[in-house]
Amino acid sequence: LMALATFICFVASRSHEAYTALAVIEVVITLLFFLLYLLKLDKKMKWLFWPLADIFNSVIAAVFLLIVCLFAIIIKTNYGTLVGGVLGLVLLVLCIVDAVVLFRKISLSGPRERNYPTR
């Protein structure tokens, strides 16, 4: 929701296209991960370790959000761009929290859960 609010602020203020594009990409990727976990497709597509992909997404999004939102705040063309930049920084914090929580939750060296009963 925070990415959507950031997108709406950037669109309403007619900000630079880079600000809007980053917000749109983050909304789309977040929706795709939400649908992936909601429909339990991560259990069916085992060829990729999805929590790790989610962590990489959060870290990369945080880096891009830091750069773009700082530019939006520094070069504020209007108040919509400023609000969008601030909301983007809040989204940056949420991405970092998401990455840390997921990283603590997964176990890279431990045993994986089994889909079949053991005998």
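Residues numbered from 1 in each chain as written. Predicted model: local features only at pLDDT ≥ 70, side-chain atom pairs only at ≥ 80, totals over all residues. Heavy atoms only, no water.

Please explain the packing of helix H4 (residues 50–74) against helix H5 (residues 79–105) as it appears in this structure.
The axes of two packed helices give the description: the angle between them and the distance between them. Two elements in contact, H4 and H5, have axes whose closest approach is 8 Å; the angle formed by their N-to-C orientations is 155°. What the angle tells us is that H4 and H5 run roughly antiparallel. The two elements H4 and H5 meet at a crossing, and its hand is left-handed. Here the residues of the contact of H4 with H5 sort into 20 nonpolar, four polar and two charged. (Axes fitted to C-alpha atoms, helices over the stretch in contact; angles between N-to-C directions. Helix = DSSP H or I, 4+ residues; strand = E, 2+ residues; numbered from the N terminus. Parallel < 35°, antiparallel > 145°, perpendicular 65-115°, else oblique. Left-handed = near helix turned anticlockwise from the far one by under 90°. Nonpolar A, V, L, I, M, F, W, Y, C, P; charged D, E, K, R; others polar.)

Help me understand the UniProt feature "transmembrane region" (unreviewed entry) in the protein chain, please; the structure alone is not making it clear to me.
UniProt feature "transmembrane region" (unreviewed entry): in the numbering of this structure it lies at residues 20–39, 51–75 and 81–103. Across residues 20–39, helical content stands at 95% and strand content at 0%; the span's end C-alpha atoms are separated by 28 Å. Secondary structure content for residues 81–103 is 100% helix and 0% strand, and the end C-alpha separation is 32 Å. (UniProt positions renumbered as here; feature names shortened; annotations may be inferred.)

Just checking my understanding: could you explain helix H2 (residues 17–38) for this structure?
Since one α-helical turn is 3.6 residues long, residues separated by three or four positions face the same way. In a regular helix each residue adds 1.5 Å, so 22 residues correspond to 32 Å; H2 covers 31 Å between its end C-alpha atoms and thus fits that length. Considered for burial, the residues of H2 that qualify are Tyr 19, Thr 20, Leu 22, Ala 23, Glu 26, Val 27, Phe 33 and Leu 36. Downstream of H2 by one or two residues, Lys 40 has phi in the positive range, about 55°. (Expected span 1.5 Å × (residues − 1). Buried < 20%, exposed > 50% of the residue type's maximum accessible area, 1.4 Å probe, protein only.)

Looking at this structure, how should I read a nonpolar patch on the surface?
Together, Val 59, Val 63, Leu 66, Ile 67, Leu 70, Phe 71, Ile 74 and Ile 75 make up a nonpolar patch on the protein surface, roughly 720 Å² of accessible area in all. Given the relative accessible area of 38%, Leu 66 is considered partly exposed. (Patch = residues over 30% accessible without salt bridge, like charges linked within 9 Å, V, L, I, M, F, W, Y side chains within 5 Å. Areas by Shrake-Rupley, 256 points an atom, 1.4 Å probe, with all protein chains shown as cover. Salt bridge = Lys/Arg side-chain N within 4 Å of Asp/Glu carboxyl O.)

What am I meant to see in the state of the cysteines here?
What we call a disulfide is simply a covalent bond connecting the sulfur atoms of a pair of cysteines. All told, the structure shown has zero disulfides when counted by the stated rule. Cysteine Cys 69 remains unbridged, with the sulfur of Cys 95 as its closest cysteine sulfur at 9.9 Å. Its relative accessible area of 1% is what places Cys 69 among the buried residues. (Disulfide = S-S within 2.5 Å.)

Please clarify how H4 should be interpreted in this entry.
With 25 residues, H4 extends 36 Å from end C-alpha to end C-alpha; this agrees with the ideal 36 Å at 1.5 Å per step. All of the buried residues along H4 are Trp 50, Ala 53, Asp 54, Ile 55, Asn 57, Ser 58, Ala 61, Ala 62, Leu 65, Val 68, Cys 69 and Ala 72.

Which parts of the structure should I look at to understand the nonpolar core?
The tendency in soluble globular proteins is for nonpolar side chains to be buried as a group. The biggest cluster of nonpolar side chains holds 15 residues, and the ones touching the most others in it are Phe 10, Tyr 19, Leu 65, Leu 91 and Cys 95. Of all the elements in the fold, those that place two or more residues in this core are helix H1 (2–12), H2, H4 and H5. In terms of residue count, H4 provides more of this core than any other element does, six residues in total. When residues of this core are assigned to domains, at least three map to each of domain 1 (1–40) and domain 2 (45–109). Apart from residues lying up to four places away in sequence, Leu 91 is in contact with Met 2, Ala 3, Glu 26 and Leu 65. (Core = buried A, V, L, I, M, F, W, Y, C linked by side-chain atoms within 4.5 Å. Domains from an automatic or database assignment. Contact = heavy atoms within 4.5 Å.)

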